[in-house]
Amino acid sequence: LRHDSLMQFTSDIVIDATELGDLVEKLGIPADIGMDSGPETGEMYAPAQSNDIVQDLTWVAILKEYKAGEDHLLPRPAGYEPEKFRCCCDTRDPSTKGQPLLDCQKMLEYGRLPNGKYMINWPNCGNDLYLNVLRMSPAERASALQKAKDHTLKFVYFLQNELGFTHLGLANDEFPTVDKLPIIPYHRESRRVKGKARLLVNHILHPYDQKEAWYRTGIAVGDYPIDHHHKQNPEAPAIDFINIKAPSYNLPLGSLLPQSDLPLVVAEKSISVSNIVNGASRLQPVVLGIGQAAGTLAALASLKKLAPDKVSIREIQQSLLDQGAYIMPYIDVPPSDPDFQPIQRIGASGLLRGKGIPYKWANQTWFYPDSLCRKADLTEGMRVFGIDVNPKHGKEEEIVTIGSFTEIVKVSSEEVKTNAIIDLLKKNEPFLPWTNTSPLSRRHVSFLLDIVLRPFSRSIDLNGHLQQIKNHSK
């Protein structure tokens, strides 16, 4: 088959996993490009007016340590201007007045890899470059991206010749390319499809206070801060999104589904999020999770002969859980935890909530599984789940016991008996002396609720709203 030949494929479902949402564009599906305005999204951190400015991209390089005498130094690139890179790190002698802004060795350590290699992905006067190639033709795009390659080669030359890292050169054993650079650049931003759910920063900051309960529909998680690269574009609004203190979060299933009725699932950075949220959802661990969810959704839709938006959300989530994937971002309940699935299901049902904490460059959400469960938290979760509980059961500081758990949840099923609850707990932890007055941890309550209420048997829509409650008896 010649490289310029065409092949025709037919498929029940198509996934757009391109870097820049090119299939979305070819199909004429509405999408957003650039910064959204605050009046449009309701995000107080967004600029007053929208624009088409995307994040800087980077043609990453991998350097490795070479031995003396090995040929690895780059020739001086055409158009090389060392002053463009002078501020990448501070070479002043720290013994003089004024401490260095950033030690140049630390700049390299930022991307240190095993086996004497270094990833060069440096935003400060490094190899970031502003290019908006989204609306370009293939030929225009190729020409523009060559500028990004050239910019990176100039930066590597600067590292070798101006900063003295002469032992480092482009790795010759990483990429199958003549220039030893990656096959594609790192695009931080794509066109973003107008989807059935558009995740805004408000949903990340306050997931339980929105009209949409999108936390219930989660299919992938992320913990990176809201990090935008705009230093190479002087026209970009001076907004420091990194100061938005957000916890870890999950992405709703509806963000993978365009408003169009075409059998299309969107992945990578083209999902339906605001420009601000893209600063966190663009990270590789997140898009890997999105890809897993997109594949799971497409496979189930094809097997069941359903449109992607008609597949049961709970079935998709359960399949992901069976694969060991997170749907809720609980840092203290890993997939290796024996109660990982029950706690994930309880969290994704709103029966017990986690606590989000902004934390440096790896934000967190804690479930506190081994803390004692408060009555107030359980009764509030039951109400959120659509089961009305007498307020007297929810005194703020009282701890749930086996006896009080039975009283609280019996409104949902006549079969909930104290002895049955004790029997369930004994099967799970036989070494503990379970009695009617035994206090229950959040782990225990999650384990029990998962059995008694079977929360994933209750369907939800793409907004996370629960369908009418049915009999939950086992």
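Cut-off values and rules
Residues numbered from 1 in each chain as written. Predicted model: local features only at pLDDT ≥ 70, side-chain atom pairs only at ≥ 80, totals over all residues. Heavy atoms only, no water. Axes fitted to C-alpha atoms, helices over the stretch in contact; angles between N-to-C directions. Helix = DSSP H or I, 4+ residues; strand = E, 2+ residues; numbered from the N terminus. Parallel < 35°, antiparallel > 145°, perpendicular 65-115°, else oblique. Left-handed = near helix turned anticlockwise from the far one by under 90°. Contact = heavy atoms within 4.5 Å. 1 Å grid on protein atoms, 1.4 Å probe; cavity = no way out; pocket = protein on both sides within 12 Å on 5 of 7 lines; lining within 4 Å. Points joined across faces, edges and corners; volume = space filled by probe spheres on them. Nonpolar A, V, L, I, M, F, W, Y, C, P; charged D, E, K, R; others polar. Phe/Tyr/Trp six-rings, centres within 6.5 Å; stacked < 30°, edge-to-face > 60°. Buried < 20%, exposed > 50% of the residue type's maximum accessible area, 1.4 Å probe, protein only. Pairing = 2+ DSSP bridges. Salt bridge = Lys/Arg side-chain N within 4 Å of Asp/Glu carboxyl O. Disulfide = S-S within 2.5 Å.

Student: Just give me the short version of the packing of helix α8 (residues 313–322) against helix α9 (residues 340–349), but keep the residues and values in it.
Tutor: Packing of α8 against α9 leaves a shortest axis separation of 11 Å and a crossing angle of 150 degrees. Relative to α9, the element α8 is oriented roughly antiparallel. The chirality of how α8 crosses α9 is right-handed. In this structure, α8 uses R314, Q318, L321 and D322 to contact α9, whose residues at the interface are F340, Q341, Q344, R345, A348 and S349.

Student: Go over empty space enclosed by the protein, please, and point to the residues and values.
Tutor: One pass over the structure, following the stated rule, counts 2 cavities of 30 Å³ or more. For the largest cavity, the calculated volume is near 60 Å³. Taken together, L20, V54, Q55, L57, L131, N132, V133, L134, H187, R188 and E189 make up the full set of residues lining the largest cavity. Of the residues in the lining of the largest cavity, the class split is 6 nonpolar, 3 polar and 2 charged. Taken as a whole, the second largest cavity encloses approximately 40 Å³ of empty space. Elements supplying a minimum of two residues to the lining of the second largest cavity: α3 (104–109), β6 (117–120) and α4 (138–161). Looking at side-chain class alone, the lining of the second largest cavity contains 8 nonpolar, 1 polar and no charged residues.

Student: Explain the packing of aromatic side chains residue by residue, including any values.
Tutor: Applying the stated criterion across every chain, the model contains 9 aromatic pairs. Measuring from ring centre to ring centre gives 4.8 Å for Y80 and Y157, while their planes differ by 75 degrees; the resulting arrangement is edge-to-face. Within this pair, whereas Y80 is found in the loop between β4 (61–65) and α3, its partner Y157 is found in helix α4, the two being separated by 77 residues in sequence. Across this residue pair, the class does not change: Y80 and Y157 are buried. A ring pair is formed by Y330 and F367, whose centres lie 5.0 Å apart and whose planes are at 45 degrees; its orientation type is tilted. Separated by 37 residues along the polypeptide, Y330 in the loop between α8 and α9 and F367 in the loop between β14 (364–366) and α10 (375–384) bring together distant segments of the chain. One exposure class covers both Y330 and F367, and it is buried. Here the aromatic cluster, defined as three or more aromatic residues joined through ring pairs, consists of F85, F155 and F158.

Student: Account for helix α13 (residues 442–452), naming residues and giving values.
Tutor: In terms of residue burial, α13 counts as a mostly covered element, since 10 of its 11 residues are buried. Among all positions of α13, only R442, R443, H444, V445, S446, F447, L448, L449, D450 and V452 are buried. Directly beyond the C-terminal end of α13, a positive phi value near 45 degrees is found at R454.

Student: With reference to specific residues and values, describe the pairing of strand β10 (residues 218–222).
Tutor: Of all 5 residues in β10, 4 are buried; the element is thus mostly enclosed. Pairing between β10 and strand β11 (residues 249–252): 4 bridges, direction antiparallel. In the sheet register, G218 faces β11, and the bridge partner there is P252.

Student: Tell me what's going on with the pattern of salt bridges, and back it up with residues and numbers.
Tutor: Within the structure shown, the criterion is met by 32 salt bridges. R86 serves as the salt-bridge partner of E162, at 3.3 Å between the closest nitrogen and oxygen. Highlighted residues: E162 in the loop between α4 and β8 (168–170) and R86 in the loop between β4 and α3, separated in sequence by 76 residues. Between E268 and K269 there is a salt bridge, with the nearest N and O atoms lying 2.8 Å from each other. Neither E268 nor K269 differs from the other in exposure class; each is buried.

Student: Residues and numbers for the sheet that holds β6, please.
Tutor: What the 4 strands build is an open sheet, ordered β5-β6-β4-β8; its pairing is antiparallel. Each end of this open sheet is capped by a strand with a single partner; those strands are β5 (112–113) and β8.

Student: Requested: an account of the environment of V400, with residues and values cited.
Tutor: Residue placement: V400 occurs in the loop between α10 and α11 (402–409). We classify V400 as buried; its relative accessible area is 0%. With 341 residues separating them along the chain, V400 and W59 place their C-alpha atoms 55 Å apart. Residues contacting V400, with those up to four places away along its chain left out, are C373, R374, K375, L378, F405, S438, P439, L440 and V445.

Student: Any chance you could break down the state of the cysteines for me, citing the residues and the numbers?
Tutor: For the structure shown, the criterion picks out 2 disulfides. With its sulfur 1.7 Å from that of its partner, C87 forms a disulfide with C125. Residues C87 and C125 share a disulfide whose torsion about the S-S bond is about -80 degrees; that sign makes it left-handed. Of the two residues, C87 is situated in the loop between β4 and α3 and C125 in the loop between β6 and β7 (128–129); the sequence distance between them amounts to 38 residues. With a sulfur-sulfur separation of 2.0 Å, C89 is cross-linked through a disulfide to C104. Because the sign of the S-S torsion sets the handedness, a value of about 90 degrees for the bond joining C89 and C104 places this disulfide among the right-handed ones. Here the residue C89 occupies a position in the loop between β4 and α3, and C104 occupies one in helix α3, the gap between them amounting to 15 residues.

Everything listed is a geometric property; what it means functionally is a separate question.
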